[in-house]
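Close look at the chain arrangement
Chain residues, written in single-letter form:
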Amino acid sequence: MHRSLIVLGIFYRFVGKVMETGIVTFFDIKACGFYRLKKNAEELEHKFGTLDEIFDALQAWLDDKSVEESIPWDTGTHPLRARTYSRGVAVDPDTKDRVMVMYRALGSAKGRLHAVKKNAPVGATENDTVKTETNGKDYIWVEPCYYWIIPEYNKIASIIFPHSGADTPRLSNYIFNFVVNHGDFGREKDTTSFTRARSSCSEDDILISKTIFKHVDENGRKCNCVFKFKAEVTKVNKPGTNILDVRDKIVQTIIRDTTVAKVEDTRQPLLRLVSNVLSDFLGTEQTKFTKPKKIEVRVDGAPSEEEIKQLLDRNVDDVDWVDVGFVLKDSSRPLWLKKYMARTALIVSDSTGDEHFSPEKLLHEIKAVRDDLLQTILYNEEVEEKSLKTAEA
């Protein structure tokens, strides 16, 4: 079934209801578990540990925690590390799917959050802000990030709503820190070593720390292991075209983005004066003198192979205009990056966006349309399988 028809079908289930739409982006889990310690870190030899086992252990660890206690590292030892919390994990007993709600802390550790007025002037001496504090109450200012874990297909998916964000590298870091600091997986020792800093501006050595886990196989052979968790955006395998395969044919790169442009205020002087003087009474949003402006930049030539991989691995903003395109030799029709990312939409009913979703709530919404949501990656795997058969023939 075509993806646009799937989304349309889901949409009609909620006609006439208050709802909120989330953009679902799928990620392939490239590494999860404990791998034999080797000199070549890219050479993976999995020894033990599954996605189910890792998240079962995480859920058990979180069960008796408060939000403040859900940070999986010592904040005293790492006071400058960006704080990441969890609101919990829900699991579907039938599919073993899980939904995890992660919180990104906003403001300082003491709860201070600063804001600036939208119409505040820009200048070398300007610094006025509005400060929001907890006033002695035990609050943490946060932004939610929603993740759907799908062991059946060895994938995770970020779900971005208007009230939420996504930070998959932070999720990976959270899981890694939980395992090495709190997981009961045969942790044996920490090792430290010094290596030359990668920065060409520094001649100092940097300290590298590794947590070693012991493993004994069925024959009694022992080896040292390290934990790895790595996820990459699922690329859409379109028949006949792969951006990396055609990189040598790219003659032009197109970058599309949006900004905001000012619009001239054509109202009468008296009305402008009244609006400024009585802004609290009239409301500051009653008239806007800015509008979105579309930007397109064309650069001759092609990005490097590594740059294309980085573009595919990052989340492109879900705005119709924002995208990166590639013009091929002897073709006037660009290949657009978004068409190569496995994405779909989840519509949540009875939501105005004023509240965050609990893990159970979001898991319930996903389960109702799970087959439709998974059509994106199932179709992708069909195309990949056909491509492999064609290459082998």
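Here goes a summary of the coordinates provided. Within any chain, residue numbers begin from 1 and follow the written order of that chain's sequence. This being a predicted model, a pLDDT of at least 70 is required before a residue's local features are given, and a value of 80 or more before pairs of side-chain atoms are given or counted; all residues contribute to the totals for chains, interfaces and linings. Based on all heavy atoms of the structure, the side-chain values leave hydrogens and waters out of the count.

Okay, the packing of aromatic side chains next. Two rings from Phe, Tyr or Trp (for Trp, the six-membered ring) form a pair when their centres sit within 6.5 Å of each other. Planes less than 30 degrees apart are called stacked, planes more than 60 degrees apart edge-to-face, and all others tilted. If you walk through the whole model with that rule in mind, you get 10 aromatic pairs. With centroids separated by 6.0 Å and ring planes inclined at 55°, the aromatic side chains of Phe-26 and Trp-148 adopt a geometry described as tilted. Residue Phe-26 is found in strand S1 (residues 19-36), and its partner Trp-148 is found in strand S7 (residues 142-150); the two are separated by 122 residues along the sequence. Overall, the relative accessible area of 0% leaves Phe-26 in the buried class. Using a relative accessible area of 0% as the deciding quantity, one classes Trp-148 as buried. Consider the rings of Tyr-146 and Phe-161, whose centres lie 5.7 Å apart with planes at 85°: the pair is edge-to-face. Numbering of helices and strands runs from the N terminus; a helix is a DSSP stretch of H or I covering at least four residues, while a strand is a stretch of E covering at least two. Buried, partly exposed and exposed residues are distinguished by accessible area as a fraction of the type maximum, computed with a 1.4 Å probe on protein chains only: under 20%, between the cut-offs, and over 50%, respectively.

A few words now on helix H7 (residues 359-368). Considered for burial, the residues of H7 that qualify are Pro-359, Leu-362, Leu-363, Glu-365 and Ile-366. Projected onto a plane normal to the axis of H7, the buried residues spread over an arc of 160° and lie on a single side. Along H7, the residues that are exposed and aim more than 90 degrees away from the buried face are Glu-360 and His-364. Working definition: the arc comes from the directions between the helix axis and the C-beta atoms, pointing outward to the latter.

Moving on: the environment of Asp-56. Take Asp-56: it is sitting in helix H2 (residues 51-62). Its relative accessible area of 41% is what places Asp-56 among the partly exposed residues. For the pair Asp-56 and Val-91, spaced 35 residues apart in the sequence, the C-alpha separation amounts to 9.0 Å.

All right, on to the nonpolar core then. Core analysis: the biggest nonpolar cluster contains 32 residues, and Phe-34, Ile-54, Leu-58, Met-100, Val-179, Phe-213 and Phe-227 have the highest contact counts within it. Breaking this core down by element, the ones donating at least two residues are S1, H2, strand S4 (98-105), S7, helix H3 (168-182) and strand S11 (222-233). Residues in contact with Met-100, not counting those within four places in the same chain, are Phe-55, Leu-58, Ser-86, Gly-88, Val-89, Cys-145, Tyr-146, Tyr-147, Ile-149, Leu-171 and Tyr-174. By size, the runner-up hydrophobic cluster in this structure holds 28 residues, among which are Ala-90, Val-99, Phe-357 and Ile-377. Among the buried residues, those of types Ala, Val, Leu, Ile, Met, Phe, Trp, Tyr and Cys that are joined through side-chain atoms within 4.5 Å form a nonpolar core. Between two residues, a contact is recorded if the distance between any of their heavy atoms is within 4.5 Å.

The backbone phi angle of Lys-96 is positive, close to 70°, even though this residue is not glycine. Assignment of secondary structure puts Lys-96 in the loop between strand S3 (84-91) and S4. We classify Lys-96 as partly exposed; its relative accessible area is 41%. Backbone geometry places Asp-330, a non-glycine residue, at a positive phi of 65°. Looking at the element boundaries, Asp-330 is found in the loop between strand S14 (323-328) and strand S15 (335-336). Its relative accessible area of 78% is what places Asp-330 among the exposed residues.

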